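The lines below spell out each chain.
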Amino acid sequence: MVHDFILVYALDSGVGSQEDVLRELADSDCADATVGWGRPGHVGLAFSREASDRDAAVTLATLQMAQALPGAVLVRVDAA
């Protein structure tokens, strides 16, 4: 089953520019996310992931984000 959700992260101050963030995400397992910029220092990632349940999809995406953008702090998880 496909699960749609949004992860919102507060970025570490040393992460660099938006282009740097996009480059890191493009080179990661989160390349399938649609990226949105709202509040300064934050990034939203919309996912549509196949998984047995929503929790499994969210857990995998958060683990992949931890590798892609170390230091980013998960602020919230929203339904898409």
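What counts and what doesn't
- Each chain carries its own residue numbering, running from 1 in the written order of its sequence.
- pLDDT decides what is reported in this predicted model: residues at 70 or higher carry local features, side-chain atom pairs at 80 or more are listed and counted, and totals for whole chains, interfaces and linings draw on all residues regardless.
- Side-chain metrics in this entry use all non-hydrogen atoms of the structure; hydrogen atoms and water are not considered.
- Elements are defined by DSSP. Helices are runs of H or I of four residues or more, strands are runs of E of two residues or more, and each kind is numbered from the N terminus.
- Values of the radius of gyration come from C-alpha atoms, whereas the globule rule sets the reference at 2.2 Å times the count of residues to the power 0.38.
- When a residue's accessible area, from a 1.4 Å probe over protein chains only, is under 20% of the maximum for its type it is buried; when over 50% it is exposed; and in between it is partly exposed.
- Between two residues, a contact is recorded if the distance between any of their heavy atoms is within 4.5 Å.
- Exposure was quantified through the Shrake-Rupley algorithm and a 1.4 Å probe, taking into account, for residues, occlusion by the shown protein chains and nothing else.
- Here Asp and Glu are counted as negative and Lys and Arg as positive; His is not counted, and neither are the chain ends.
- The location of each charge is read from NZ of Lys, CZ of Arg, CG of Asp or CD of Glu.
- By the convention used here, strands pair only if DSSP detects at least 2 bridges between them.
- Only rings of Phe, Tyr and Trp enter the pairing, Trp through its six-membered ring, and a pair is recorded when the two centres are within 6.5 Å. The plane angle decides the type: under 30 degrees is stacked, over 60 is edge-to-face, the rest tilted.

**Regarding the overall build of the protein chain**
Logical step 1: In terms of helices and strands, the protein chain carries two helices and four strands.
Logical step 2: Listing each helix as α and each strand as β along the protein chain from the N terminus yields β-α-β-β-α-β.
Logical step 3: Scaling as 2.2 N^0.38, a compact globule of 80 residues should have a C-alpha radius of gyration of about 12 Å, and the protein chain matches this with 12 Å.
Logical step 4: Seen through its principal axes, the protein chain has C-alpha atoms that stretch 35 × 25 × 20 Å.
Logical step 5: Within the protein chain, the proportion of its 80 residues that are buried is 32%.
Logical step 6: Look at the contacts in the protein chain between residues 6 or more apart in sequence, and 71% of them connect residues 24 or more apart.
Logical step 7: Of the accessible surface of the protein chain, which amounts to about 4,700 Å², a share of 53% is contributed by carbon and sulfur atoms.
Logical step 8: The average position of the 5 basic charges and that of the 12 acidic charges among the side chains of the protein chain differ by 7 Å.

**Observations regarding the pairing of strand 3 (residues 42-50)**
Logical step 1: Where strand 1 (residues 2-10) meets strand 3, nine bridges bridge the pair, whose relative direction is antiparallel. For H3, the partnering residue across the bridge sits in strand 3 and is R49.
Logical step 2: Bridge count between strand 2 (residues 34-36) and strand 3: three bridges; the pairing is antiparallel. For T34, the partnering residue across the bridge sits in strand 3 and is A46.
Logical step 3: What sits between strand 2 and strand 3 in their antiparallel hairpin is a turn of five residues, with G41 showing a positive phi close to 80°.

**Focus on the packing of aromatic side chains**
Logical step 1: Under the defined criterion, the tally for this structure stands at one aromatic pair.
Logical step 2: A centroid spacing of 5.3 Å and a plane angle of 20° characterise the contact between F5 and F47, whose relative ring orientation is stacked. Here F5, found in strand 1, pairs with F47, found in strand 3; they are 42 residues apart in sequence, far enough to count as distant. Each of the two residues, F5 as well as F47, counts as buried.

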